[in-house]
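# Structure at a glance
Spelled out, the chains give:
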Amino acid sequence: MAASDSVQMAGLDGGVRGRPSPEPLRVPVPSARAALAGLVDNEAADVGRKEEDTVVTIGVPEAAGDRARHVQEEVEAVPYSVSFSVPASPSGLHIGACASIRGGRAPPAEEPKPGAEPPQLLKQARYHSQPTLTIRTEEPPAAAALQRQRTVTRSDSARDRRFDHFKTFSGRLERQLSNLRGVPAPETIEPADDSKKISEEVESEEDDDVPTADRYFAALEGPELETLRSTEVAALPEDERWPFLLRFPISAFGMCLGVSSQAMLWKTLASEPSTAFLRVSPAVNHALWWVSVALMALVSAIYLLKVVFYFEAVRREFHHPIRVNFFFAPWIACLFLVKGLPRPVWTVHHVVWYLLMAPIFCLDLKLYGQWMSGGERRLSKVANPSNHLAVVGNFVGALLGARMGLREAPIFFFAVGLAHYLVLFVTLYQRLPTNVQLPKDLHPVFFLFVAAPSVASMAWARLSGDFNFGARIAYFISLFLYMSLVVRINFFRGVRFSLAWWAYTFPMTSAAIATALYASAVTTVVTRALAVGLAGIASVTVTGVLATTVYHAFVRGDLFPNDVSIAITQRPKPKFSKILAQLRSSSSEVKELVFAVSRHGGGSDASSAAESPSPMARGRGRAGP
């Protein structure tokens, strides 16, 4: 089957200037099987201020026209319109930069007029640029959509995907939702890279599940398991700054605990008889309460965004042996806000108390069940000072419920908290041989030892209606622990500032409030001086830690470093694994090279072997007859 083709050319003519003619002449070009029909589009040449195009008509002898008509009559024409693009030349000739082939029937070739002289091109067009031909076929809509999808996928593959595993809408959750909707996974076209494939396979196998408690202890070190061991490699890049939400830890709610407890302290100083001589203005409580509300709203909003966009990171924090205790902090801070409300607490509706205690009750069931079950998260294995937060919530809830007029529910939470506090206290004190992960050096979180007995003494005093012997026993325990930590203040020097410093504030404030209540029951100069002194120490500590936090957050910008505690791998991944991956990839490349050489030289080797026999064969030949 042959085809007739036509070529249309647009150029520059020295004698004619104007817009292109609507019907330029077409020169038929015959072909043996199929004729190539082309259309050279003339584009505007910007030569200063306006466009000037000239049509160059090329004359063809009459014999060529007769032959073209003869070929067109004989064969079945399936013509194509071809457009050639030639880059601009020094003469100002600029022909379209795009050439397309479209299926369709080309118009019949017109016979050139006899005697027409072909015009000459400009003489100054001496430089010849080589044309670039770009072919675009007319594809069906489905194929075009697939091509666009592949193009978009290829462009998306160039973006940084190292943080996708921790993102909510780029990880396993999104893939599961897509599978439920029946949406197939997009086809990803990426260059073959053996080392990249190996690393991706290892990461996909390791990061499908949350690391176990043993893995956290094996990969991390420090009092809060916040530092990666030197033999480990993080799942995320350590040499660059991570997104802010990924660096924002749950322990940031410790700031809310410290400031909201100050609002409760100054309300107590203004209302208790033992500190009435100070004449504390209620305006201080109002100001601190509003500051606490603003801080709580800010921290909660940021962490809620982390839950939305980086749910995998939140899930890893919840399975962290120490970070899981800080999930009690938001609800304890809310209880402090209700307790430090400028108006009387008993005017608050009881529903508020039940709403705040419901999450604490659910966390109690989860955490206490793990302590008791004897699994990998049993208390004798994961016990650390931050576990006091899981106990303090029960005592704070009992204290607030008693002040709001409730009876049975606060006693229930007080009993649950007391039972687990005794077990926790003994476990932390005896230091079982299995607790090698507990740090020997003192740390700010050790002040959490003071918080639980202080709040327990206040809760029992409100439940019983008097600061009796039970409340005093708990208060004296907290006071002794407080003094035992203060006299060892030198052991706290050299500790780098972090959010863990807020662990100083909440226990100190709790001890000051308990001392004020005790001074109201036992009114002496010593108890009053002790109440004022502890309140002053707590206020100065909160002010100093708050100022240091603002300095590190806005001046130095190092308050939220990369949170490597959530970026550990499922299995140990030493640093030399990268070298092994490179060796594997290089060995595969060497194997492919050897196979290619063997295939290439197989024929020549065989021929040479046939022509020149081996020495053994020659020996056999000599031995033969």
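The rules behind the values
- Residues numbered from 1 in each chain as written.
- Predicted model: local features only at pLDDT ≥ 70, side-chain atom pairs only at ≥ 80, totals over all residues.
- Heavy atoms only, no water.
- Helix = DSSP H or I, 4+ residues; strand = E, 2+ residues; numbered from the N terminus.
- Contact = heavy atoms within 4.5 Å.
- Axes fitted to C-alpha atoms, helices over the stretch in contact; angles between N-to-C directions.
- Parallel < 35°, antiparallel > 145°, perpendicular 65-115°, else oblique.
- Left-handed = near helix turned anticlockwise from the far one by under 90°.
- Patch = residues over 30% accessible without salt bridge, like charges linked within 9 Å, V, L, I, M, F, W, Y side chains within 5 Å.
- Areas by Shrake-Rupley, 256 points an atom, 1.4 Å probe, with all protein chains shown as cover.
- Salt bridge = Lys/Arg side-chain N within 4 Å of Asp/Glu carboxyl O.
- Buried < 20%, exposed > 50% of the residue type's maximum accessible area, 1.4 Å probe, protein only.
- Core = buried A, V, L, I, M, F, W, Y, C linked by side-chain atoms within 4.5 Å.
- Polar contact = N/O pair within 3.5 Å; in protein donor to acceptor, adjacent residues only side chain to side chain.
- Phe/Tyr/Trp six-rings, centres within 6.5 Å; stacked < 30°, edge-to-face > 60°.
- Expected span 1.5 Å × (residues − 1).
- Disulfide = S-S within 2.5 Å.
- pLDDT = per-residue confidence, 0-100.
- Nonpolar A, V, L, I, M, F, W, Y, C, P; charged D, E, K, R; others polar.

This part takes up the overall build of the chain. The number of helices and strands found in the chain is 21 helices and 7 strands. A sequence separation of at least 24 residues applies to 81% of the contacts in the chain between residues at least 6 apart.

The next point concerns the packing of helix H11 (residues 350-373) against helix H13 (residues 388-403). Between H11 and H13, the least distance of the axes is 10 Å, while the angle of their chain directions is 150 degrees. By the angle between their axes, H11 is roughly antiparallel relative to H13. Seen from above, H11 lies across H13 with left-handed handedness. In contact with Trp353, Met357, Ile360, Asp364, Leu367, Tyr368 and Trp371 of H11, H13 contributes Ala390, Val391, Gly393, Asn394, Gly397, Leu400 and Gly401.

A cluster of nonpolar residues, Phe169, Leu304, Leu305, Val308 and Phe309, forms a patch on the protein surface that exposes about 470 Å² of accessible area. Residue position: Phe309 is located in helix H8 (residues 282-309). Residue Phe309 is classed as partly exposed on the basis of its relative accessible area, which comes to 41%.

Moving on, we get to helix H10 (residues 329-339). The buried fraction of H10 amounts to 9 of the 11 residues, a majority that puts the element mostly inside the structure. Every buried residue belonging to H10 is among Ala329, Pro330, Ile332, Ala333, Leu335, Phe336, Leu337, Val338 and Lys339, and all of these are buried. The inward-facing, buried residues of H10 abut helix H7 (253-271), H8, H11, H13 and helix H17 (505-521).

Right, let's talk about the nonpolar core for a bit. By size, the foremost hydrophobic cluster in this structure holds 124 residues, and its most contacted members are Leu246, Phe253, Leu257, Val299, Phe395 and Phe506. Looking at this core element by element, the count peaks at 11 residues for helix H15 (residues 448-464). Ignoring anything within four residues of it in the chain, the contact list for Leu246 reads Phe163, Phe166, Leu236, Lys306, Tyr310, Ala313, Asp563 and Ile566.

This part is about the side chain of Ser261. Its location among the elements puts Ser261 in helix H7. Within polar-contact distance, the side chain of Ser261 engages the backbone oxygen of Leu257 at 2.9 Å. A polar contact of 2.7 Å, which involves the side chain of Ser261, links it to the backbone oxygen of Gly258.

Once that is clear, we can look at the pattern of salt bridges. Applying the stated criterion across every chain yields a total of 10 salt bridges. A salt bridge links Arg323 to Asp563; the shortest N-O distance between them is 2.8 Å. On the criterion of sequence distance, the pair formed by Arg323 in the loop between helix H9 (311-319) and H10 and Asp563 in the loop between helix H18 (525-556) and helix H19 (577-600) is long-range, its members being 240 residues apart. Comparing Arg323 with Asp563 shows no difference in burial state: the two are buried. One salt bridge connects Arg556 with Asp558, and the closest N-O pair in it is separated by 3.6 Å. Looking at Arg556, the relative accessible area reads 51%, which means it is exposed. A single network of salt bridges, built from pairs that share partners, joins Lys306, Glu317, Arg323 and Asp563.

This part is about the packing of aromatic side chains. Counted under the stated rule, the structure contains 27 aromatic pairs. Note on Trp353 and Tyr354: the rings are 5.1 Å apart at their centroids and 85 degrees apart in plane angle, and the pair reads as edge-to-face. With relative accessibility at 1%, the residue Trp353 sits in the buried group. Take Tyr354: its relative accessible area is 45%, and that puts it in the partly exposed class. For the pair Tyr421 and Phe425, a centre-to-centre distance of 5.8 Å together with 40 degrees between the ring planes defines the contact as tilted. One end of the pair, Tyr421, and the other, Phe425, are both in helix H14 (residues 408-430), 4 residues apart, so they sit about a helical turn from each other.

As a further point, take the environment of Ala218. With respect to the secondary-structure elements, Ala218 resides in helix H5 (residues 213-219). For Ala218 and Glu232, which are 14 residues apart along the polypeptide, the C-alpha to C-alpha distance reads 9.2 Å. With sequence-adjacent residues up to four places away left out, Ala218 is seen in contact with Arg229 and Glu232.

Let us look at helix H16 (residues 469-486). With 18 residues, H16 should cover 26 Å at 1.5 Å per step; its first-to-last C-alpha distance of 26 Å lies within 8% of that length. Restricting attention to buried positions, one finds in H16 the residues Ala471, Ala474, Tyr475, Ser478, Leu479, Leu481, Tyr482, Ser484 and Leu485. Along its buried surface, H16 packs onto H14, H15, H17 and H18.

Here Thr515 is to be found in helix H17. For Thr515, a relative accessible area of 1% translates into the label buried. At a separation of 3.0 Å, a polar atom in the side chain of Thr515 contacts the side chain of Tyr475.

Okay, unusual backbone geometry next. Unlike most non-glycine residues, Arg279 shows phi in positive territory, near 50 degrees. Of note, Arg279 is situated in the loop between H7 and H8.

The next point concerns the state of the cysteines. Inspection of the entire model under this criterion finds 0 disulfides. There is no disulfide at Cys256, and the cysteine sulfur nearest it, in Cys334, is 8.4 Å away. On the accessibility criterion, Cys256 (3% relative accessible area) is buried.

What follows concerns the environment of Val396. Examined against the element boundaries, Val396 turns out to sit in helix H13. Taking the C-alpha atoms as reference, Val396 lies 7.8 Å from Ala456; in sequence the two are 60 residues apart. Sequence-distant contacts of Val396, that is, excluding residues within four places in its chain, are made with Ile332, Leu335, Phe336 and Val455.

Per-residue confidence for the chain averages 73 on the pLDDT scale, and 56% of its residues sit at or above 70. Counting interchain partners and residues more than four positions distant, the pLDDT-below-50 stretch residues 75-82 has 31 contacts.

Another point: the packing of H15 against H17. Direction vectors running N to C along H15 and H17 enclose 35 degrees, while the axes themselves pass 8 Å from each other. Between H15 and H17 lies a crossing of left-handed hand. Residues Leu448, Val450, Ala451, Ser454, Val455, Ser457, Met458 and Arg462 of H15 pack against Phe506, Pro507, Ser510, Ala511, Ile513, Ala514 and Leu517 of H17. The residue inventory of the contact of H15 with H17, partitioned by class, reads 11 nonpolar, 3 polar and 1 charged.

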